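# Summary of structural features
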Amino acid sequence: MSSSKCPKCGEKIKKDWKGCPNCGYIKETKNEALVCSNCKAEIEEDWIRCPMCTKFFEIKCPKCDYDLESNWRACPKCGELIKK
Ligand SMILES: [Zn+2]
Ligand SMILES: [Zn+2]
Ligand SMILES: [Zn+2]
């Protein structure tokens, strides 16, 4: 738990503040921790499978939002290559 500093002016910003009152800088909101929908274990964004319960995560094509199988390397709909 550390209070962060404004990257613009160095003013201390409390954790629950949305930005700097001094210069108007707005904090970037961090993504909430990802959890497995099955076992609630913490997971990484680029994981395709839960190491705890072995559930495969749903992956969507970044281009067309098509639901992809976890072992696909490219989207069959739009041809987008899936980065792992
Ligand atoms: Zn500031
Ligand atoms: Zn899991
Ligand atoms: Zn696609």
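Above this note sits the structure.
Residues numbered from 1 in each chain as written. Chains lettered and ligands numbered in written order. Predicted model: local features only at pLDDT ≥ 70, side-chain atom pairs only at ≥ 80, totals over all residues.

## Re the overall build of the chain
Here is the rule we go by: We count a stretch as a helix when DSSP gives it H or I for four or more residues in a row; a strand needs E for two or more, and each element gets its number in order from the N terminus. Using C-alpha atoms as the atom set, the radius of gyration is obtained and then compared with a globule rule of 2.2 Å times the number of residues to the power 0.38. The burial criterion counts other C-beta atoms lying within 10 Å of a residue's C-beta, which is placed from the backbone; the residue is buried at 20 or more, exposed at 12 or fewer, and partly exposed between these limits. Two residues qualify as a contact pair if the distance between their C-beta atoms, derived from the backbone, is within 7 Å.
Secondary structure assignment for the chain yields zero helices and four strands. Counted from the first residue to the last, the chain has its helices and strands arranged as β-β-β-β. The globule rule puts the C-alpha radius of gyration for 84 residues at 12 Å, and the 19 Å found for the chain is more than 25% above it. With the principal axes as the frame, the chain shows a C-alpha extent of 50 × 30 × 15 Å. Per-residue burial for the chain yields a buried fraction of 6% across its 84 residues. Pairs at least 24 residues apart make up 1% of the contacts formed inside the chain by residues separated by at least 6 positions.

## A short note on unusual backbone geometry
The backbone of threonine 54 shows a phi angle near 65 degrees, a positive value even though the residue is not glycine. Among the secondary structure elements, threonine 54 is positioned in the loop between β2 (12-13) and β3 (59-60). Given 10 C-beta atoms within 10 Å, threonine 54 falls into the exposed group. Its identity is not glycine, yet aspartate 65 carries a phi of approximately 70 degrees, on the positive side. On the secondary structure map, aspartate 65 appears in the loop between β3 and β4 (67-68). Aspartate 65 gets classed as exposed once you count the C-beta atoms within 10 Å, which come to 11.

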